[in-house]
Amino acid sequence: MTLEAILFTLACIGISETSYLIEKRKKGEKPVCFVGERCDEVLGSKYSKVILFHNDVWGLLFYIAVAVLTAFLVIGVEPLIWWERLMRVSVASGVLFSLILIYLQWKVIKAWCFWCVLSAITVFGMGIILIIFTIL
Amino acid sequence: MNSAPFHILRVGLAITFLWIGVLILQNPEAWGGYLNPWAARLLPFSLETTMIGTAIFDIVVGFLLLTNYFTFWASAVASLHLIIVMTVSGINPITIRDLGLLAGALALAANTFPYGFIKSKQQHS
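What counts, and where the lines are drawn
- Residues numbered from 1 in each chain as written.
- Chains lettered and ligands numbered in written order.
- Predicted model: local features only at pLDDT ≥ 70, side-chain atom pairs only at ≥ 80, totals over all residues.
- Heavy atoms only, no water.
- Helix = DSSP H or I, 4+ residues; strand = E, 2+ residues; numbered from the N terminus.
- Buried < 20%, exposed > 50% of the residue type's maximum accessible area, 1.4 Å probe, protein only.
- Contact = heavy atoms within 4.5 Å.
- Areas by Shrake-Rupley, 256 points an atom, 1.4 Å probe, with all protein chains shown as cover.
- Lys, Arg positive; Asp, Glu negative; His and termini not counted.
- Charge placed at Lys NZ, Arg CZ, Asp CG, Glu CD.
- Buried area = accessible area lost by both parts, 1.4 Å probe.
- Salt bridge = Lys/Arg side-chain N within 4 Å of Asp/Glu carboxyl O.
- Polar contact = N/O pair within 3.5 Å; in protein donor to acceptor, adjacent residues only side chain to side chain.
- Phe/Tyr/Trp six-rings, centres within 6.5 Å; stacked < 30°, edge-to-face > 60°.
- Lys NZ or Arg CZ within 6 Å of the ring centre and 35° of its normal.
- pLDDT = per-residue confidence, 0-100.
- Axes fitted to C-alpha atoms, helices over the stretch in contact; angles between N-to-C directions.
- Parallel < 35°, antiparallel > 145°, perpendicular 65-115°, else oblique.
- Left-handed = near helix turned anticlockwise from the far one by under 90°.
- Nonpolar A, V, L, I, M, F, W, Y, C, P; charged D, E, K, R; others polar.

A.B. asks: Summarise the overall build of chain A; cite the residues concerned and give the values.
C.D. replies: The helix and strand tally for chain A stands at 5 helices and 2 strands. In chain A, the succession of helices and strands from N to C terminus is α-α-β-β-α-α-α. Each principal axis of the C-alpha distribution contributes one length, and for chain A these read about 45 × 30 × 25 Å. With 136 residues in all, chain A has 42% of them scored as buried. Sequence separation of at least 24 residues holds for 73% of the intrachain contacts in chain A that already meet a minimum separation of 6. A total of about 7,600 Å² of accessible surface is found on chain A, and carbon and sulfur atoms cover 72% of it. One way to put it: in chain A the 12 positive side-chain charges average out to a point 9 Å from where the 10 negative ones average out.

This is the structure we're talking about:
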């Protein structure tokens, strides 16, 4: 239950982050950049869109998926083993995707976006928590 | 309205509502045990059905708060819901936690009150 509670909380934080970015993009407004001043460069770069959708939409779908899968595990919706595997695969994919995005900001765009880094930290947090609870 | 404390309160309250919704769905009858007997007798549906409805309501409110859509209405009905919860469950060790949640929901509702919408309605009439 502790693992699910933490993952669910992190997924919810991710949903709020990505929905904020989507809202700002739809309104054509700049998101608040707490650290640094080059969020626009990253969010407006050609790497902000992958396969049909913007990264914020993919992020929102990812976080909703993790929240729903975690909720299924807590409620006890069968088949539990498949939801658990799917959740682990989703988090692993999220970590990999976040690593690629971090690399792009660091080496290619050479600018950092506060919200993108925060989202990556949220996903890495999920991965770390999952590893810790698997080992323990 | 767009300050960091507002968003922290909004997201925190949203997670609480969402997680409570999930926990109620996990074991609706156990959560129904918090209802006072007089309140349980007033239910139009079975206890389990009512609690599942409550869970879905909590999840919807939580999702609206989390995504910052209809935040005033979500926090207003969340406040009303918490008042009903405190009324039907009576005074118990977790009442004080509900009181804190109610204060948070009222703060959000007050902060997002649609003054502009009401003023424009008054000007049209």
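Here the narrative resumes.
A.B. asks: Would you mind going over the interface of chain A and chain B in detail, with residue names and values included?
C.D. replies: Contacts between the two partners involve 15 residues from chain A and, on the opposite side, 12 residues from chain B. When chain A packs against chain B, close to 1,300 Å² is buried across both sides, 80% of that on carbon and sulfur atoms. Summed over the three residues of chain A that lose the most area to chain B, namely Phe8(A), Val74(A) and Ile75(A), the buried surface amounts to 34% of that side. On the surface where chain A and chain B come into contact, there are 0 salt bridges.

A.B. asks: Before we move on, could you go through the side chain of Ser75(B) and cite the residues and values that matter?
C.D. replies: Position of Ser75(B) among the secondary structure elements: in helix H5 (residues 71-89). Within the local environment of Ser75(B), its side chain forms a polar contact with the backbone oxygen of Phe72(B), the two atoms lying 3.1 Å apart.

A.B. asks: Tell me about the packing of aromatic side chains, and please be specific about residues and values.
C.D. replies: Scanning the entire structure with this criterion turns up 9 aromatic pairs over all chains. The interplanar angle of 70 degrees and the centroid separation of 4.9 Å between the aromatic rings of Phe72(B) and Trp73(B) together place this pair among those described as edge-to-face. On the accessibility criterion, Phe72(B) (15% relative accessible area) is buried. Between Phe72(B) and Phe113(B), the aromatic rings sit 5.3 Å apart at their centres with planes inclined by 90 degrees, giving edge-to-face as the arrangement. Of this pair, Phe72(B) sits in helix H5 while Phe113(B) sits in the loop between helix H6 (95-111) and helix H7 (115-124), and the two are 41 residues apart along the sequence. Judged by relative accessible area, Phe113(B) falls into the partly exposed class, the value being 32%. In this structure an aromatic cluster arises from ring pairing among Tyr20(A), Phe114(A) and Trp115(A). Sitting over the ring of Trp82(A), Arg85(A) keeps its end group 5.3 Å from the ring centre.

A.B. asks: Explain the pattern of salt bridges to me, using residue names and the numbers behind them.
C.D. replies: All names here are of chain A. Counting across every chain of the model gives 4 salt bridges over all chains. With its nearest N and O atoms 3.0 Å apart, the salt bridge here joins Lys27 to Glu23. Taken together, the residues span about one helical turn, with Lys27 and Glu23 both in helix H1 (residues 2-27) at a distance of 4 residues. Under the relative-accessibility criterion, Lys27 is labelled exposed at 51%. Note on Glu23: relative accessible area 18%, which makes it buried. Residue Lys24 is joined to Glu29 by a salt bridge in which the shortest nitrogen-to-oxygen separation is 2.9 Å. Under the relative-accessibility criterion, Glu29 is labelled partly exposed at 40%.

A.B. asks: Which residues make up the confidence of the model for chain B, and what values do they have?
C.D. replies: As a general rule, the predicted coordinates of low-pLDDT regions are not to be interpreted in detail. In this model, chain B carries an average pLDDT of 91, and 98% of its residues clear a pLDDT of 70 or more. Two numbers describe this predicted complex: its pTM, 0.89, and its ipTM, 0.86.

A.B. asks: Talk me through the packing of helix H1 (residues 4-26) of chain B against H5(B); I want residue IDs and the actual numbers.
C.D. replies: Residues and elements named next belong to chain B. H5 packs onto H1 with a crossing angle of 55 degrees between their chain directions and a minimal axis gap of 12 Å. As summarised for this structure, H1 and H5 are arranged oblique, according to the angle between their axes. For H1 against H5, the interelement crossing comes out left-handed. Here Phe6, Arg10 and Phe17 of H1 lie close against H5, whose contacting residues are Thr71, Ala78, His81 and Leu82. Of the residues contributing to the contact of H1 with H5, the split by class is 4 nonpolar, 2 polar and 1 charged.

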